[in-house]
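Residue-level structural notes
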Amino acid sequence: MSAAFSSVWQLPYVNVFKHLKLDHQDWTKASKEGDVTHRMDKVIKCSVFKISGSVPASNFILIPKKNTPSISLTGTYFYLQFKPLPTKYFVFHIEVVTRDDLVIRISVSNLFKEFKCTSTWIQFPYAYPAPANSVEAVTAPGNQSGNHHQHHPAPPNSRWTLLCLNLKDMLSKYVQRQYSHVKTIQLCSSMLVRNVFTSDTDYDPEISFREAQKLAGLHKVSPIPREMAFPVTKNETWNELYCHVRLPSLASTPFETRHHEEIMKNSSINKRVGELSSGACRRKNMLDSIPLKLNQEANKARNIPPNMMGGGDAVELVAKKPVVAKECVHIYPNLESPRSKERSHVGADIATEASLVSDYRSSNSMGSRQQSRSEFKTSLKPDPIAQLSRVIGANSHEYPNSVCWAANDSNLVYSSSAVVVCVDVSTDLQRFFVGHTESVTCLDVNSNSTVLASAQSGMHSMVRLWKFNNAQLITVFRAPEAELGSLEFSSDSSLLCGTGNDSHGKSVICLWDVSSVTKNYDAPLIAKAHADVDIVALKLNYFTSTKMVSCGRENIRFWRLKQRSLRSCPVVLGDYTSQNFTDIAYMYSFSKTNENEEPKSVLCCTSSGYVFEIDVEGVAVRAIRRLVDSSIQEKAVNLNSLYVTSQYCVIGSRDGFLRVWSLDFASVLLEYEHSSEVILAKPNRKGDKVCSVTVSNQIGVLNIVTREFIAFQSYPKKYITSCDVSNEKLIAVTAALDQQINVWDLHTGNLTHNFHSTSDAPLIVAFHPSYDWIICGFESGALRVLDMQTAHFIHEFPDALKGQVTGLVVRHCGRQFLASCSLGILGSFAIDPKFAIQRLLPSSLPKGKIKKQTLSLSKDGLRCVYIGPSEYIVSVIDSKTLDDLMRIDITQLSLEYLNRGVIEKGVTVKFSETHILLVTTSGNLYFLDLASGKRLNMINVHKESCNALAVGGNDEYFFTSGEKVLKVWDYKLRFDVNFQMLMGHIDEVNSIHFVRKLNTIISVGDHLCMWRLRDSSPLMSESENKISHRVEKLPSKVANINDEFKVQSKDMMRLDADHTSETVSNLLTKSSENKPRKFAPEPVPAPPDLSSIAGHNDSIVSELEILNISDNELNTNDKTPPKRKVAERENSIRNGEVLVVSEIAKRSNETQKSKAPTCFNHFRRKEKVSKVAAVHYSAPENQAGLKLKSLIAFNGNARDNILWRTEPGLVYYTSGISIVIEDLASNEQRILKGHVSEISTLAIQPSGQLLASAAGESEEIPCQIIVWDLTTSTCHKVIPCANREIIAMKYSNDGRFLVSLSDFTDKCVYVWNSLSMNLLLSSKLDFVANSVAWDCDSPLEFCIVGSDCSVSFWILEESADTDGDCEAEYSLSYHHSEVPTEVAKHRRDSRSVKDGHAFVSLCYAGLSILYIGSDQGVVAAWDTRSNKCYMHWIAGQAEITHISALGSRLITGSVDHKLKLWTVMTSNSNQPTRISSESSRVPGNGLIMEDEYTLSGEITGASFDDNLELGLVGTSDCLIWYINWLERNTVRLVSANNSDITCTKFCGHESIAVGCSDGGVKLFSTTDNELLVHFKTRKPVSCLEYFELSSKREVNKLIVAGFSDGSVTVFDVNKSEVLKTITVHTETVNRISISAGKNFILSASESGAAALIDSSSFVISRMLSDHKGSPISDISFSPFITGDKEYFAIASFDRRISIWQSSWNKERCVLCDWVTFSGPSFEGQNMKKLPTVVEFSRSEKDIVLYSGYLSCKAIRFYSMRERRVLREIEIDSHPTFITLSPKGNLICMGTDSWLLKLVDYLEGSFQDFLIHSQRVSAANFGEDNSMLVSCAGNEIVIWKVSL
């Protein structure tokens, strides 16, 4: 369900205590612990909660209760009304969830001393003003400013406080995340709490509604609602009684550099500031609330005297110098509220808030505080600006258990440092799980690949559970007193077992319950055991998860979990006790006779080459085998890893071999030799692939079937010390501490070259720009040139540098390189044409101070910059001669730090295109002038040190690393927040590179990470990207100026009307000259602030079209085909003969007035009689009480909604809002759910991997396309389509593109990338489209047909960027083809003339032939080479709704129910041929109608096999037909209902009966969904019941049904005939039921009368008229019979229920009780819409359940014995019916909002199920409680009951 649905109920605000009923002391949804009391407060005159106690962690209120779903409060502002208890400390916590599902805790307390912020926690200290004349006030530094805030307990006179937290700004400012919702709230001692509110509105508690109306022109403020207001007397003001605290406040906004002259230019600002500063309400300056330290530094930097801080002209407070201040965040409860200060001293705000300057420039009215803080708080866009695309690295050599297979057998999961990587071994695509803070030591995926568990290193290992499909974090917990080394899920995914060692080195086993972790987000520890033996490996029993076996040094043990404790039993090893056991595995038989047979043996391998077979039952050694090397028979193989499947045993050994043995170890089936020791061998679940890990950190996959080995990856084992990137060849070279040099392909991430140095460790590497050479610097000081092709060093400089090589750079010319060493020597070396040492300069760099020295070349390569000769000097030299050009003193750049005694040192330095960038030890980055070295700007990039620096994107960005994070900065620092953080390393990043061609950042450290920058300009957000203004290549054929070839840009821009009107008019004026231009006009620039026109967006702009027209294109007689015209157009573009006109497309109000087409094939949505629920509560799949078994329905209203793939035998079709995937061989179904509106059409990718479905808008969800991954049956992508109804979709033949058509209200074509589902192009159509098809001969061409005989041929042109650094660009061109006059004017009758003539269907047949069908029954054949019609004939007298064609075979389907098979032998010719309908069977014309079928309804869609011999056809009467042309056979494959279903009932266990509004009573099989029996009548069925009567001969199976005419009919199921019809009532029979003893039938009517009918003679025994005058809504019989007494109840719409007692033997029926209930008054038709429902309990004899239009939404439990309501179950909607399960533990109810609810009888908890597309009309449980059937509209859904 979308976020819009979940947040509607939260408007305008949420009273949290009232919502959770805490004001009524109801703690069902929240919890309290410790000293929490409810009391009355005299100050605010209402009840409050008092939370007392000295330990906050033990005294608190928690919202919501633990292990319950999140409260999901989406309000931006969080309001807390509280009062700190005097002389006490308090604390409260809020857990908020970000858009990327990261949970961040926000804590506020007066216990905190300072502000702290991490990636998952923000801590705010709450400080109070020091008491006057106190020691703190007197001794506080800077006491003259009156800012004496101390962190101490609450003062004795603490006040009630309204604390407002802006959660959106808070997350954006401090952790750079986007706010989603509040998860939990914890209010701890010591405080009084009145309430908690959330809202999207910023409320001001100090103003009233009248004041707000007066200030409406100046302030966008909202008065506080009455529920949130504190009482204020007449003679007092709000801020005299209470405190108002806001966070973040304007005072906490960082200062920015501005110049005095910039503000003085605008005199209106000064005038406005003067008016505001002279107001009557002067208060203390906003700077008073700024923390003291920040305040002093700001004043000092601005040269402001202390006496100026109290007020004065705001212009004098403007900063003249940059301010460098450490951010310090506190919360101060001031007497004067922040809001009042803002209103009285806006001038001071201008001085402190730079963004307000632009606000005053653009508006003469006062800007509100909300505008200044949100609209002008800009940040680097898009967010996130980069995404992790590839990780090169792994921990597998150190942690073998950090590699495992996923259940789908194609995904391999492993860890790389702290990142968990999931890679598809077939496609090499990676996904990532990021969140760990240390190296991941072990991981595992559960059996169904829904949950991934991973643990990190360190004592008390942090274990994280993730959702495997989307990498969302589920929960985090710690392993108690252990560092885990392995994790394993049980086969049923209910247990997670972890093993490791504690701090004393003892083995520890932990077991967690993870059965409900996806629902409760909790994994409790159920058992822990400390073992007295060493445990190396532990495996769980596949069939019994409570049993396990372990091995280690000198021990093998069996374990068992019993009563939450682990018990073990050792195996007696005898003489083999001294063995070192390395791995263990169960041997499963998996026999066909008994699949669940427990394993009888366990195999365990040793480091000495033995394999022990252990008897599980006897716990003894059964056999011992010794494995020897095949080449040396006497040499034993040291075994490291063992894994057993049902067919073989795979073993990894120390000799580097991966061997596949037979189960009896008689022979080696397969072996592969690695270059190093194999430490892990693990097959996938299918057993066809084996993953191996070696000690050299190589991961490989051995394919058992093909006997091929794929060296998947070989990663560095240790820290990467250096990296260099070749931007031309797109390769990277790394040097690591494991003495290896690796070369990586940046496209694939694969290792291409590997070099190992045995004696000397490489420290730094660099590519040669021209040759395949790598220059390497070594630890010994040697410099070597390595040839990658020959793998040899071609030259060496052994004695040039005496120390370790610390710096290396190759000049752009490739003839020279520079190098430096740890002894401070800088050298120049020639490598072309000969190798030589050119010059050595000693003492040029600091000696031994910097481990890695950065040598950076300028863009032209003529200069080099580095830090030296000391750490305080930056030197710029000539890169060729090494002569000094300039030296810069670092200490003179940072005088403000020098004055404070801090001397900065240089860390790294880089050349950019426009500056020299210098990073110092304080984390500051200085922008220095290239020519003079003068400081131009400075910014603090990291709090501590910065280790690496890089510049990329033509100086659009620069990148820094420090504190184990990577930051991406806007180079020009144009925003309030100029950076974004990227987290993927747990160690320091030592180098950063930017690859422009790939638009990728590479960070190098503990592993190599590649971050793909998102394609967007840094100045604009995603929705404001600049419009591409390239010239499109288009054909030159244009009929007139309105029929030209159009290309619509995929990007859209919103523009201000005043700003663009002149520009647009100028463009249109210039275009009217109709003269060719040399250059295309530039796109219209966006205004500086788009938020100011947010309210006018709907009436201003729409889209931008680029129209290409030239003079010679206006020739209407040009018949050149479009493909030839493309080439001609290219030539004209090169010659500069193209005119480009840019204009603003008018907003299409005409589309709303467009007339709907009358053709049948154009999709029209059904009218809705009900709407879907805004909110529903669905349980996780593994905890759902109902599971879908099958769906009997087919939507005959959709178009092309049936697809058939013959090879797997699967058929795809739609039913309302669901997609059914049915296996024709097994009749098994899979249901795809995700839409909330009727699905209009389907399209499947040719490969069968993706399926696209389109649906219209529903209340607040727009039209959308959902792309499904058919391999996993999950949603791949959701694409909102605004208000565009999609009527047709098709995938291209190569599967790369998806084209969709919108309906008559939008008239557009859209082309999507099928992989990413990004919109590539769209174009407006000048006709109403009906159908589309791709050319089977050309993958980039398609055709669209529509109204007015429109046929347009389209070409999707693909062109790569000239620089090769961008993705392919696309353009669209089309050509309108002329239609023969006979086709355009043909009418099947006179009535169709006014409707117009339209083409409605088409299909490519190959061989350049296209067939098109019209709404007049005409089929036309077209030659796609010339785009001409060469033949047409009359195929029928009705609209041709479907065409399938292949070669000479053609199939047509029409509205007149006819399906025809044709043979067309006529070849393409230049002259059009007309064949009349009379000659359609004459072979001489080349057209033969081979066969014809007449089906039951209009044909809406069809799918045939490749030979057009077999097919499936869908009709409008909701049937799917199987067609066999060879055998001339038709079979109804899906027999769905065409009319609405009114009632349903189980008929035994294998069938169900349904009654239909068309008068049919049908029986369906529950096993194969086949229609068994169909009783046809002419009157609508309103209700039915099934019962069995036993006789001596047989069991009579009977169905009794009530009809709209008041009659009751009995049907005999065995004989399939009508047994008897009785006219009982004069009006519709509403309900019918059978007594528990099967003696009587009770029927009730619309008039309020009820009748008792004898079930044996079918004679009316008695009429009951007690409810006469009100329609009867429900009846129910009690299942309990006491003697001869039975009870039944009758309920009517007037909220009355009568309970009757009957004695059938005595023929007595007595009214024993009346139950009435009150409720709201009926309005309109509510009496008919909300019935009174009643049902007897199945487990309690005297309990009757009822519900209806009550005062509250609930199901009540009424006791007949006590004659009162005992309890009630609260529900969220009024039920339309209720039914109980035979066991009595479940209640099923229907609602008006499409939901089927399942309610727990005892607990009252419920689950919602959304599968129907209409109001659920009926539901019924099976007799054995295993199944449930529900009906809505024409849909029948059969469920399996799992509770």
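Residues numbered from 1 in each chain as written. Predicted model: local features only at pLDDT ≥ 70, side-chain atom pairs only at ≥ 80, totals over all residues. Heavy atoms only, no water.

Glancing now at the overall build of the protein chain. When its secondary structure is counted, the protein chain shows 20 helices and 134 strands. Expressed as a percentage of its 1843 residues, the buried residues of the protein chain come to 58%. When the accessible area of the protein chain is evaluated, it comes to approximately 76500 Å², of which 48% is carbon and sulfur surface. (Helix = DSSP H or I, 4+ residues; strand = E, 2+ residues; numbered from the N terminus. Buried < 20%, exposed > 50% of the residue type's maximum accessible area, 1.4 Å probe, protein only. Areas by Shrake-Rupley, 256 points an atom, 1.4 Å probe, with all protein chains shown as cover.)

Between Ile-63 and Pro-64 the backbone carries a cis peptide bond, its omega angle lying at -5 degrees. You can see Pro-64 is positioned in the loop between strand 5 (60-63) and strand 6 (77-84). At the junction of Gly-868 and Pro-869, the peptide bond is cis and its omega measures out at 5 degrees in the coordinates. Along the chain, Pro-869 falls in the loop between strand 61 (863-867) and strand 62 (873-878). Here the phi dihedral of Asn-1427 falls at roughly 55 degrees; this positive angle occurs in a residue that is not glycine. Unusually for a residue other than glycine, His-1457 sits at a positive phi of about 75 degrees. Secondary-structure assignment places His-1457 in the loop between strand 100 (1449-1454) and strand 101 (1458-1464).

Next up on the list: the sheet that holds strand 57 (residues 816-821). Read from one edge of the open sheet, 4 strands run 56-57-58-59, paired in antiparallel fashion. Every other strand in the sheet has two partners, leaving strand 56 (805-810) and strand 59 (836-841) as the edge strands with one partner each. For this sheet the average axis-to-axis angle between neighbouring strands, irrespective of direction, equals 20 degrees. (Pairing = 2+ DSSP bridges. Axes fitted to C-alpha atoms, helices over the stretch in contact; angles between N-to-C directions.)

Let's shift gears to the nonpolar core. In terms of nonpolar packing, the biggest core is built from 51 residues, with Phe-959 and Ile-1001 touching the most fellow members. No other element matches strand 74 (residues 1008-1013), which puts 5 residues into this core. The next biggest cluster of nonpolar side chains, apart from the first, holds 47 residues, and it includes Ile-104, Ile-122, Tyr-179 and Val-196. (Core = buried A, V, L, I, M, F, W, Y, C linked by side-chain atoms within 4.5 Å.)

As a further point, take the side chain of Glu-613. Tracing the chain through its elements places Glu-613 in strand 38 (residues 610-615). Overall, Glu-613 belongs to the buried group, its relative accessible area being 11%. Within the structure, the side chain of Glu-613 is placed 3.2 Å from the side chain of Ser-601, a separation counted as a polar contact. For Glu-613, the residues in contact, after removing those within four places along its chain, are Ser-601, Val-602, Leu-603, Ala-620, Val-621, Arg-622, Ala-623 and Arg-625. (Polar contact = N/O pair within 3.5 Å; in protein donor to acceptor, adjacent residues only side chain to side chain. Contact = heavy atoms within 4.5 Å.)

Strand order in the open sheet formed by 4 strands is 20-21-22-23, and the pairing between neighbours is antiparallel. The open sheet terminates on both sides in strands that have one partner only, identified here as strand 20 (403-405) and strand 23 (430-434). Recorded for the sheet is a direction-independent mean angle of 20 degrees between the axes of neighbouring strands. With 5 bridges connecting them, strand 22 (residues 419-424) and strand 23 associate as antiparallel partners. Residue pairing for strand 23: Val-419 is matched across the bridge by Val-434.

Applying the stated criterion across every chain yields a total of 60 aromatic pairs. Each ring, one from Phe-1194 and one from Tyr-1213, has its centre 6.0 Å from the other, and the planes form 70 degrees; the classification is edge-to-face. In this pair, Phe-1194 sits in the loop between strand 78 (1186-1192) and strand 79 (1202-1205) while Tyr-1213 sits in strand 80 (residues 1210-1215), placing the two residues 19 residues apart along the sequence. Exposure class is identical for Phe-1194 and Tyr-1213. Each is buried. Relative to Trp-1433, the ring of Tyr-1411 lies with its centre 6.4 Å away and its plane at 75 degrees, an arrangement referred to as edge-to-face. Here Tyr-1411, found in strand 96 (residues 1409-1414), pairs with Trp-1433, found in strand 98 (residues 1428-1434); they are 22 residues apart in sequence, far enough to count as distant. Clustering of aromatic rings is evident, with ring pairs tying together Phe-1297, Trp-1334, Phe-1342, Trp-1354, Tyr-1370 and Tyr-1374. In this arrangement the basic side chain of Lys-967 is found over the ring face of Phe-979, its NZ or CZ atom lying 4.4 Å from the centre. When the ring centre of Phe-1160 is taken as origin, the NZ or CZ atom of Arg-1199, which lies over that ring, is 4.2 Å away. (Phe/Tyr/Trp six-rings, centres within 6.5 Å; stacked < 30°, edge-to-face > 60°. Lys NZ or Arg CZ within 6 Å of the ring centre and 35° of its normal.)

Attention now moves to a positive patch on the surface. Where like charges cluster on the molecular surface, the positive patch consists of Lys-547, Arg-560, Lys-562 and Arg-567. For Lys-547, the location among the structural elements is in strand 33 (residues 547-552). (Patch = residues over 30% accessible without salt bridge, like charges linked within 9 Å, V, L, I, M, F, W, Y side chains within 5 Å. Salt bridge = Lys/Arg side-chain N within 4 Å of Asp/Glu carboxyl O. Lys, Arg positive; Asp, Glu negative; His and termini not counted. Charge placed at Lys NZ, Arg CZ, Asp CG, Glu CD.)

Before going further, it helps to examine the pattern of salt bridges. Side chains that differ in sign of charge can pair as their charged atoms come close. Summed over the entire model, instances satisfying the criterion amount to 41 salt bridges. One salt bridge connects Arg-1764 with Glu-1762, and the closest N-O pair in it is separated by 2.9 Å. Residues participating in the shared-partner salt-bridge network are Glu-613, Asp-615, Arg-622 and Arg-625.

A surface patch of nonpolar side chains, amounting to about 240 Å² of accessible area, comprises Leu-895, Leu-898 and Ile-903. Locating Leu-898 in the fold gives a position in helix 15 (residues 895-898).

To continue, consider the pairing of strand 25 (residues 451-456). In summary, the side chains of a regular strand alternate between the two faces of the sheet. Within strand 25, 6 of the 6 residues are buried, leaving the element largely enclosed by the surrounding structure. Burial along strand 25 is two-sided: the residues Val-451, Ala-453 and Ala-455 and Leu-452, Ser-454 and Gln-456 are all buried. The pairing of strand 24 (residues 440-445) with strand 25 spans 5 bridges and is classified as antiparallel. Residue pairing across strands places Cys-442 opposite Ala-455, the latter belonging to strand 25. Alignment of strand 25 against strand 26 (residues 462-467), held across 5 bridges, turns out to be antiparallel. Paired with Ala-455 across the strands is Val-463, a residue of strand 26. Between strand 25 and strand 26, which pair antiparallel and follow one another directly, the connecting turn spans 5 residues, one of which, Gly-458, has a positive phi of 105 degrees.

Segments scoring low in pLDDT should not have their predicted coordinates read at a detailed level. Mean pLDDT over the protein chain stands at 78; residues scoring 70 or higher make up 79%. Note that residues 250-328 has pLDDT below 50 and, in this model, 139 contacts with residues that lie over four places away or in other chains. Low pLDDT, under 50, characterises residues 334-376; the predicted model gives this stretch 115 contacts beyond four residues in sequence or across chains. (pLDDT = per-residue confidence, 0-100.)

With that settled, the discussion passes to helix 4 (residues 167-174). Within helix 4, 6 of the 8 residues are buried, which leaves the element mostly enclosed by the surrounding structure. Listed in full, the buried residues belonging to helix 4 are Leu-167, Asp-169, Met-170, Leu-171, Lys-173 and Tyr-174. Phi turns positive, to about 55 degrees, at Gln-176, one or two residues after helix 4.

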